[in-house]
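One-letter residues, chain by chain:
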Amino acid sequence: MKAAATSFLLAAMVAIPAQSSAQNFGQFIAIEGPVIALTHAKVIDGTGAPAALDQTILIEGDRITAVGPSGSVRVPANAEVVDLSGQTVIPGLVGLHNHSYYTGGNGRAAQLSFSGSRLYLASGVTTIRTTGARQPYAELNLKREIDAGQVIGPTMFTTGPYLTGEQGSQTMARLQGPEQARRIVRYWAEEGVSWFKAYTWISRAELGAAIDEAHRHGVKVTAHLCSVGYREAVALGIDNLEHGLFANSEYAPDKRPDDCPSGFRSGYVDLDVHGPEVQATFRDMIDNDVAMTSTLVVYEISVSGRPPIDERVYDVLAPEIAREVRQIAIARRAGRGAIDPAIFSKAMEYERAFVEAGGLLAAGVDPTGYGAAPPGLGDQRNFELLLEAGFSTEEVVQIMSANGAKVLGIDDDVGTVEAGKLADLVVIDADLEEVGHLRDTKIVFRHGIAWDSAKLVDSIRGIVGIR
Ligand SMILES: [Zn+2]
């Protein structure tokens, strides 16, 4: 009796935020209804399976209750039926390097709790892990407000402050030793963050202490490394590694322990991703269940000779920031302060080889640097870059959804289009395999609520980068 009452209460608690967010933000809702049937859609389900044609997806409350060929799925009489002929449905994207803040232009930085959250959701990103916080309390409160249906945004996994060594930005914890690492991790874990991010100048002793303390508190650690190599970090028990080849200094001949060799990447043009050194890294990661996060877009914006930045980026940014970002983008395209295209290709090869070896690759935007990869729109660009790296459409969808859910440990509920999962879905107004991009994202379901992508974007146009 008591157990039944408790589970009823739990169910009610889950349902309330969903209702209130639909009620609070009615003007952004694309489809109303406690029961929705999406019919005649092409479905790429996130499992890596080939696309399925003419599918019906039944959504009841916050869950997917049936998926199958149209005609075989019984559609209840009270369902709101939406014909998606010619359109594609994929799982909501799980962005694994998706900060709640943004940096851009000439040294600007801002917490984007309002515009960034909306832009992630509008772009199809229904879950984010922030992977490094400048303002951890802003993140924790934002997460609670989204969960309560008071703010529009994705499901959030928050992060504590960055843990670095002698170098790093002023907002980071510049550690003075392992005890301080433990103290910071303990405090923020108790405050409720679910991940930590170590940064480029952390020492092995500090990283090991942070990981140990985090694991004692049931939270996890990822890193954007340099002073510590990937194999060293795996040996210390790290859970995830960010940025692929761009942040792994262990192949640099002049690498000294606990030191970040400057410009190490320039030596990687001839790195053999199938050779013993790289394969040993992959083997260590795979044997210890350490995933890799691809963030190709934040590097692409600085690679010389690449195509111009998507105009939609300038369109959503605050005009003053957009002008600065455009100037820098033009300079980088022309080679000033740019990344060598050969290194960028090598990083793509590295990620492909990791997956071929059996590694778990996920993806995220990282809306930092000079700011031409903002929330959401940068995730969409990652889709195109992973295709360019040689993955199939089905593989890219899997990398950007199911694999991220696995890293976060939520794959029982999130990451694929399957009966029983939460209804986190993206409707693309095109045949995704034909167009090869996510720019036609039209409706984004999160927990069964159907958000109108264009209306969300209209609501933040011209303010991204400032609030
Ligand atoms: Zn980052």
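Quick caveat, the model's predicted, so the values are computed rather than measured.

Distances from the zinc ion to its protein donors, His-97 (NE2), His-99 (NE2) and Lys-197 (NZ), fall within 2.0 to 2.8 Å. When the donors of the zinc ion are listed by position in the chain, the intervening gaps give H-x1-H-x97-K. You can see His-99 sitting in the loop between β7 (93-95) and β8 (101-104) and its partner Lys-197 sitting in strand β14 (residues 195-198), a full 98 residues away along the chain. Just as His-99 is buried, Lys-197 falls in that class too.

Another point: the pairing of β14. Burial along β14 is two-sided: Trp-195 and Lys-197 and Phe-196 and Ala-198, pointing in opposite directions, are all buried. Relative to strand β15 (residues 220-223), β14 runs parallel, the two being bridged by four bridges. Considered in β15, the bridge of Phe-196 is made with Val-221. For the crossover from β14 across helix α5 (residues 204-216) to β15, the handedness is right-handed.

The subject of this paragraph is helix α3 (residues 136-147). Here α3 spans 17 Å end to end across twelve residues, near enough to the 16 Å set by a 1.5 Å rise per residue. Among the residues making up α3, those that are buried are Pro-136, Glu-139, Leu-140, Leu-142 and Ile-146. The arc that holds every buried residue of α3, seen down its axis, measures 160°, which confines them to one face. Summarising the contacts, the buried residues of α3 are in contact with β9 (108-111), α2 (115-122), β11 (155-157), α4 (178-191) and β20 (441-446). One or two positions beyond α3, positive phi appears at Gly-149, with a value near 75°.

For the rest of this paragraph, the subject is the packing of α4 against α5. Between α4 and α5, whose axes approach to 8 Å, the crossing angle comes to 30°. Our classification of the angle between α4 and α5 gives roughly parallel. Considering how the two elements wind past one another, α4 and α5 form a crossing that is right-handed. Judged by residue contacts, Pro-178, Ala-181, Arg-182, Val-185 and Arg-186 of α4 engage Ala-205, Glu-206, Ala-209, Ala-210, Asp-212, Glu-213, Ala-214 and Arg-216 from α5. When the residues that make up the contact of α4 with α5 are grouped by side-chain class, the tally is seven nonpolar, no polar and six charged.

A few words on the state of the cysteines. Under the defined criterion, the tally for this structure stands at one disulfide. Across a sulfur-sulfur distance of 2.0 Å, Cys-226 and Cys-260 are joined as a disulfide pair. Across the S-S bond linking Cys-226 and Cys-260, the dihedral sits near 85°, which makes this disulfide right-handed. Note that Cys-226 is positioned in the loop between β15 and α6 (230-235) and Cys-260 in the loop between β16 (240-242) and α7 (276-287), a separation of 34 residues in sequence. The buried category is assigned to Cys-260, whose relative accessible area is 16%.

So, about the sheet that holds β16. Taken together, three strands build an open sheet; the order of strands is β16-β17-β18 and the sheet is parallel. Both edges of this open sheet fall to β16 and β18 (361-363), since each of them pairs with a single strand only. Averaged over all neighbouring strand pairs, the angle between strand axes comes to 30°, with direction disregarded. The pairing of β16 with strand β17 (residues 291-294) spans three bridges and is parallel. Following the sheet pairing, Glu-242 is matched in β17 by Thr-293.

This paragraph deals with the sheet that holds β7. Strand order in the open sheet made by the three strands is β7-β10-β11, with parallel pairing throughout. If you trace the sheet from one side to the other, it starts and ends with β7 and β11, each paired once. Taken pair by pair, the neighbouring strands of this sheet meet at an average axis angle of 20°, ignoring direction. When β7 meets strand β10 (residues 125-129), the two strands line up parallel, connected through three bridges. The partner of Leu-93 across the bridge, within β10, is Val-125.

Of all the five residues making up β10, five are buried; the element is thus mostly covered by neighbouring parts of the structure. The pairing of β10 with β11 spans three bridges and is parallel. Along β11, the bridge assignment pairs Arg-129 with Phe-157. Taking the sense of rotation as the criterion, the β-α-β connection linking β10, α3 and β11 turns out right-handed.

Below, the discussion takes up the pattern of salt bridges. Close approach of charged atoms allows side chains of opposite charge to pair. Summed over the entire model, instances satisfying the criterion amount to 30 salt bridges. The salt bridge partner of Lys-42 is Asp-431, with a shortest N-O separation of 3.0 Å. Placement of the pair is Lys-42 in strand β2 (residues 35-43) and Asp-431 in the loop between β19 (425-428) and α15 (432-435), with a sequence separation of 389 residues. Among the residues examined, Lys-42 registers a relative accessible area of 12% and is labelled buried. Residues Arg-231 and Asp-284 are paired through a salt bridge, measuring 2.8 Å at the closest nitrogen-oxygen approach. Taken together, the residues Arg-231 in helix α6 and Asp-284 in helix α7 connect sequence positions 53 residues apart. In this structure, a network of salt bridges that share partners links the residues Glu-300, Arg-306, Asp-310, Arg-312, Arg-381, Glu-384, Glu-388 and Arg-439.

Rules and cut-offs
- Residues numbered from 1 in each chain as written.
- Predicted model: local features only at pLDDT ≥ 70, side-chain atom pairs only at ≥ 80, totals over all residues.
- Heavy atoms only, no water.
- Donors = N, O, S within 2.8 Å, 3.2 Å for Na, K, Ca; no water.
- Helix = DSSP H or I, 4+ residues; strand = E, 2+ residues; numbered from the N terminus.
- Buried < 20%, exposed > 50% of the residue type's maximum accessible area, 1.4 Å probe, protein only.
- Pairing = 2+ DSSP bridges.
- Right-handed = clockwise from strand over helix to strand, strands pointing away.
- Expected span 1.5 Å × (residues − 1).
- Arc of directions from axis to C-beta.
- Contact = heavy atoms within 4.5 Å.
- Axes fitted to C-alpha atoms, helices over the stretch in contact; angles between N-to-C directions.
- Parallel < 35°, antiparallel > 145°, perpendicular 65-115°, else oblique.
- Left-handed = near helix turned anticlockwise from the far one by under 90°.
- Nonpolar A, V, L, I, M, F, W, Y, C, P; charged D, E, K, R; others polar.
- Disulfide = S-S within 2.5 Å.
- Salt bridge = Lys/Arg side-chain N within 4 Å of Asp/Glu carboxyl O.

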